[in-house]
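Chain by chain, the residues run as shown.
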Amino acid sequence: MTLPIALLEKYSQPGPRYTSYPTAPYFTESFGEKEWRDELAQSQLAGRDLSLYVHIPFCDTLCYYCGCNMVATRDYSKATHYLGYLLREIDLLADSAGQGRAVRQFHWGGGTPTYLHPDDIARLAQHIHERFEFAPDVEAGCEVDPRELTQAHVQALRAAGFNRLSLGVQDLDHAVQLAVNRVQSEAMIRQVLGWMRAEGFNSINMDLMVGLPKQTVASFSHTLDQVIDMGPDRLAVFGYAHVPWMKKHQKLIQETDIPNFAVRLEMQTLMYEKLAQSGYVYIGMDHFAKPGDELVKAQREKTLYRNFQGYTTHKNCDIYAFGASAISQTDEVYAQNYKRLVEYQAQVDAGHLPVERGLRITPDDKIRRDAISRVMCDLSLEREPFAAQWDIDFDAYFDSTLQGLKLLEQDGLVRTTVERIEVTETGRFFLRNIAMCFDAYLAAADQEKPRYSRTI
Ligand code: SF4
């Protein structure tokens, strides 16, 4: 399908990505270790399955577009030092997590998890496996940077039980790579892919980025052709968010090199067309997958869910997250660790769970979170079952939401009937805008609003 540029222009506005609701800027420091420990004691009783996340913040070099919480260093001793703290934090939390809870999802992100040497990958994984009970069919994924990666890393990841890898590609054009300080040839990526497939990894994701400096429609089209030819199982194509007021190093990017809005939209529409023609299914929120992929199946069966790692097929899990800046989540709370390494380490040194901020969510937050999740994952919200589940009068509760959706309906992004609110084929590309209609924090006029990246 061809997306009208006018529509993309109209709906390009600042908005959250809804990996959580309420979003992270609303977490507060009045929620700390004590509140997190109270919640751990409570949630232990509920005994939900677990999703574990580990944050490795180190990278060899700095990519100028980076929006992550990371430390660029070539001093490996910093990583070994950090690893010691991670192991201690894992012990601290494992003691409070309760017994018999199966780990269904396991993810390492960063930074660059493969900054760790293969023997340290093995050590960390073994430590976690000793402290938690992993389900035999656990979905275990790791983010991988092809630069500096060796075959021994890939083997160590496989031996550590990982079955999914996500490869940071971003763009294959040399001029773009130079402009963002991330040079990695196509040959290097193909070699790494070969190692992964030889080790038996049959779920490989690639991350691309649109809107990077020096990108042109022609160069991006060529990158897409090369990537499609490599045949990843999943693709995530994120829009570059230029937020130098938040990420100071983005000032290293020449603003005049950033493609203008019209070019960016052209690249995006080209990307949607090319990936569709190549058989990829658009899940939503910049994620594509091959038709047989679990994400596509889960979306069809309405069992897809969204959390800090993006789309997932594991809905009813508590997330326990380890490492600086990592965010844990239960049904009731969000708890984020200290972002700065010195503070994180000082807390662990003192025997504390290193929670800096968080939030206990309200009943209204829960209802809206569920509605946003259904829209973003199922692409429809069934009014009656939803109202019955939450014991609300749907139309009265979501009165202002429904008013807002009317405008989107006029543009063909949603269809509202007495039974349901349904995202149209076109609406799939505007999920953030649709979700924003359900967001009570955006609607509250009396608060200072966080600054979000643009939806398109
Ligand atoms: S490798 Fe990833 S986390 Fe590290 S600087 Fe580059 S984009 Fe950021």
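The structure displayed is predicted, hence computed values, not measured ones.

Rules used throughout
Going along each chain's sequence as written, the residues are numbered from 1 onward. For a predicted model such as this one, the threshold for reporting local features is a pLDDT of at least 70, and the threshold for listing and counting side-chain atom pairs is 80 or more; totals across whole chains, interfaces and linings nevertheless cover every residue. Axis definition: a line fit to C-alpha positions, over the contact stretch in the case of helices; interaxial angles, taken between N-to-C directions, run 0 to 180 degrees. Secondary structure counts use DSSP, requiring at least four H or I residues in a row for a helix and at least two E residues in a row for a strand, with both numbered from the N terminus. In these notes the angle categories are as follows: under 35 degrees is roughly parallel, over 145 is roughly antiparallel, 65 to 115 is roughly perpendicular, and the rest is oblique. Here, residues touch in the contact sense if the C-beta positions derived from the backbone fall within 7 Å of one another. Ten residues, namely Ala, Val, Leu, Ile, Met, Phe, Trp, Tyr, Cys and Pro, are considered nonpolar, four, namely Asp, Glu, Lys and Arg, are considered charged, and the remaining ones, Gly among them, are considered polar. The split of the chain into domains comes from an automatic or database domain assignment. Strands qualify as paired when DSSP identifies two bridges or more between them. Throughout this description, a residue near a molecule or strand is one whose C-beta atom, derived from the backbone, lies within 6 Å of it. Backbone-placed C-beta atoms define the burial measure: a residue is buried with 20 or more other C-beta atoms within 10 Å of its own, exposed with 12 or fewer, and partly exposed in between. Of all possible arcs, the one meant is that of the directions from the helix axis to the C-beta atoms. Note on terminology: a nonpolar core is a set of buried residues of type Ala, Val, Leu, Ile, Met, Phe, Trp, Tyr or Cys, with members joined through C-beta atoms within 7 Å.

A.B. asks: Hey, could you run me through the packing of helix H3 (residues 77–97) against helix H4 (residues 118–131) in this one?
C.D. replies: When two helices pack together, their arrangement is given by the angle between the helix axes and by the axis-to-axis distance. Close contact between H3 and H4 brings their axes to 10 Å; oriented N to C, the two are set at 10°. By the angle class used here, H3 and H4 are roughly parallel. Residues Leu83, Leu86, Leu87, Ile90, Asp91 and Ala94 of H3 lie in contact with H4, whose contacting residues are Asp120, Leu124, His127, Ile128 and Arg131. Here the residues of the contact of H3 with H4 are counted per class, giving seven nonpolar, one polar and three charged.

A.B. asks: Please clarify how the domain arrangement of the protein should be interpreted in this entry.
C.D. replies: How big an interface is tends to be stated in terms of the accessible area lost upon association of its parts. Segmentation of the protein into domains returns domain 1 (5–10 + 21–319) and domain 2 (362–440). For domain 1 and domain 2, the distance between their C-alpha centroids amounts to 28 Å. Between domain 1 and domain 2, the residue contacts involve 11 residues of the former and 12 residues of the latter. Contributions of two or more residues to the side of domain 1 that touches domain 2 are made by strand S9 (281–284) and strand S11 (305–307). Of the residues in the side of domain 1 that touches domain 2, the class split is seven nonpolar, two polar and two charged.

A.B. asks: Before we go on, may I ask you to explain unusual backbone geometry in this structure?
C.D. replies: Excluding glycine, residues mostly have negative phi values, and the peptide bonds linking residues are mostly trans. The linkage connecting Tyr21 with the following residue, Pro22, adopts the cis geometry, with an omega of -5°. For Pro22, the location among the structural elements is in the loop between helix H1 (5–10) and helix H2 (33–46). Of note, the amide linkage connecting Gly110 to Gly111 takes the cis form, showing an omega dihedral of 20°. Relative to the helices and strands, Gly111 resides in the loop between strand S4 (102–110) and H4. With a phi angle near 70°, Asp286 is a residue other than glycine that sits in the positive phi range. Mapped onto the elements of the fold, Asp286 is located in the loop between S9 and strand S10 (287–289). One non-glycine residue, Ser325, lies in the positive phi region at around 75°. Topologically, Ser325 is positioned in the loop between strand S13 (317–322) and strand S14 (327–329).

A.B. asks: I tried to follow the sheet that holds strand S19 (residues 420–423) on my own but got confused; where do I start?
C.D. replies: Within a sheet, adjacent strands bond to each other through the backbone by hydrogen bonds, running parallel or antiparallel. Taken in spatial order, the three strands of this open sheet run S17-S19-S18, and their pairing is antiparallel. Two strands in the sheet have a free side with no partner beyond their single neighbour: strand S17 (380–382) and strand S18 (414–416). If you compare each strand with its neighbour and ignore which way they point, the axes differ by 10° on average. The strands touched by helix H13 (residues 383–390) within the sheet are S17 and S19, with S17 carrying the most contacts at an inclination of about 60°. In this fold helix H15 (residues 399–410) packs onto S18 and S19, with an angle of close to 125° to the strand it touches most, S18.

A.B. asks: What is the right way to look at the site of the ligand in this model?
C.D. replies: Taken together, Cys59, Leu62, Cys63, Cys66, Cys68, Met70, Gly110, Gly111, Thr112, Asp145 and Gly168 form the complete shell of residues around the ligand. Tallied by class, residues from the shell around the ligand come to six nonpolar, four polar and one charged.

A.B. asks: Would you mind going over the pairing of strand S7 (residues 204–210) with me for this structure?
C.D. replies: A regular strand carries its side chains on alternate faces of the sheet. Among the seven residues of S7, six are classified as buried, and the element is accordingly described as predominantly covered. Here strand S6 (residues 164–170) runs beside S7; their pairing, made up of five bridges, is parallel. Each residue of the ladder has a partner; that of Gly168, found in S7, is Asp207. Bridging between S7 and strand S8 (residues 234–239) involves six bridges; their strand directions are parallel. Residue pairing across strands places Leu208 opposite Val237, the latter belonging to S8.

A.B. asks: Just to check I follow, could you spell out the environment of Gln105 for this structure?
C.D. replies: Summarising the element assignment, Gln105 is placed in strand S4. Overall, Gln105 belongs to the buried group, with 21 C-beta atoms counted inside 10 Å. Sequence-wise, Gln105 and Ser51 are 54 residues apart; in three dimensions their C-alpha atoms are separated by 4.4 Å. Setting aside residues no more than four positions away along its own chain, Gln105 makes contact with Ser51, Val138, Glu139, Thr312, His314 and Cys317.

A.B. asks: Just checking my understanding: could you explain helix H5 (residues 151–159) for this structure?
C.D. replies: Structurally, the α-helix is built with 3.6 residues per turn, so residues lying three or four positions apart point the same way. Within H5 the residues assigned to the buried category are His153, Val154, Ala156 and Leu157. Projected down its long axis, H5 carries its buried residues within an arc of 160°, all on one side. Trailing H5 by a residue or two, Gly161 shows a phi angle of about 100°, which is positive.

A.B. asks: Looking at this model, I keep getting lost on the nonpolar core. Mind explaining?
C.D. replies: Side chains of nonpolar character tend, in soluble globular proteins, to be buried together. Counting residues in hydrophobic clusters, the biggest one holds 119 residues, and the most contacted among them are Leu165, Val375, Ile434 and Ala435. A domain split of this core shows at least three residues from each of domain 1 (5–10 + 21–319) and domain 2 (362–440). Val375 has contacts with Leu381, Val423, Leu431, Ile434 and Ala435, leaving out every residue within four places of it along the chain.

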